[in-house]
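# Descriptive structure summary
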Amino acid sequence: RDETEAGIRRFIVGLAKKVLISNAAGYVVDKVFSNCLYAAGGLDWRLAWLAGICYTLQIYFDFSGYSDMAIGLGHMFGFTFKENFDFPYASTSMTEFWRRWHMSLGTWFRDYLYIPLGGNRRGLPRQILNILIVWALTGLWHGANWTFILWGLMYFVVLTIEKMSGRDK
């Protein structure tokens, strides 16, 4: 009974994140960017910042809300799922951000791809190649489109720069 009640509460919190925060922030993002396409002077910097902040909130609360709903449903049916987000926007590096964001996906790529490829046990050049493979495939996992693959490769570059500079904590 306690697990069911906890699951219902967690599901409601996730639904509220999705409907009340993510959808509201997404509405602002859509309005700003749809209006800027028709504006003669382009996008005002204040609206650009507003849209950027709202997009950040939209993405986080969308994924976090869905994760909370899944965890809540699991509790309702007697399953226990691990947490999937650990305050990623409080991170001090991109490496830390990805350890805290969508932790189940990151753990899967680490355990079933990065470590079997050798992880960081075969020297720095091989480690960088392994990171490249993981992030290219992470991009592909998000969608079979060049924009997603480029997204993954962009994170590969950023994470490699952090690793080479020693800021990957």
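Just so we're clear, the structure is a prediction, and the values are computed from it rather than from any experiment.

### Quick word on the layout of surface pockets
For the largest pocket, the calculated volume is near 1,200 Å³. As for the largest pocket, its lining consists of 37 residues, and the residues nearest its centre are Trp98, Arg99, Gly106, Trp135 and Leu159. Taken together, the residues of the lining of the largest pocket break down into 21 nonpolar, 12 polar and 4 charged. For the second largest pocket, the calculated volume is near 260 Å³. With 4 residues, helix H2 (residues 45-76) is the largest single contributor of residues to the lining of the second largest pocket. Classifying every residue of the lining of the second largest pocket gives 5 nonpolar, 4 polar and 2 charged.

### Quick word on the side chain of Thr95
Note that Thr95 resides in helix H3 (residues 94-100). The exposure class of Thr95 is buried, given its relative accessible area of 13%. Polar contacts involving the side chain of Thr95 include one to the side chain of Glu162, which spans 2.6 Å.

Rules used throughout
- Residues numbered from 1 in each chain as written.
- Predicted model: local features only at pLDDT ≥ 70, side-chain atom pairs only at ≥ 80, totals over all residues.
- Heavy atoms only, no water.
- 1 Å grid on protein atoms, 1.4 Å probe; cavity = no way out; pocket = protein on both sides within 12 Å on 5 of 7 lines; lining within 4 Å.
- Points joined across faces, edges and corners; volume = space filled by probe spheres on them.
- Nonpolar A, V, L, I, M, F, W, Y, C, P; charged D, E, K, R; others polar.
- Helix = DSSP H or I, 4+ residues; strand = E, 2+ residues; numbered from the N terminus.
- Buried < 20%, exposed > 50% of the residue type's maximum accessible area, 1.4 Å probe, protein only.
- Polar contact = N/O pair within 3.5 Å; in protein donor to acceptor, adjacent residues only side chain to side chain.

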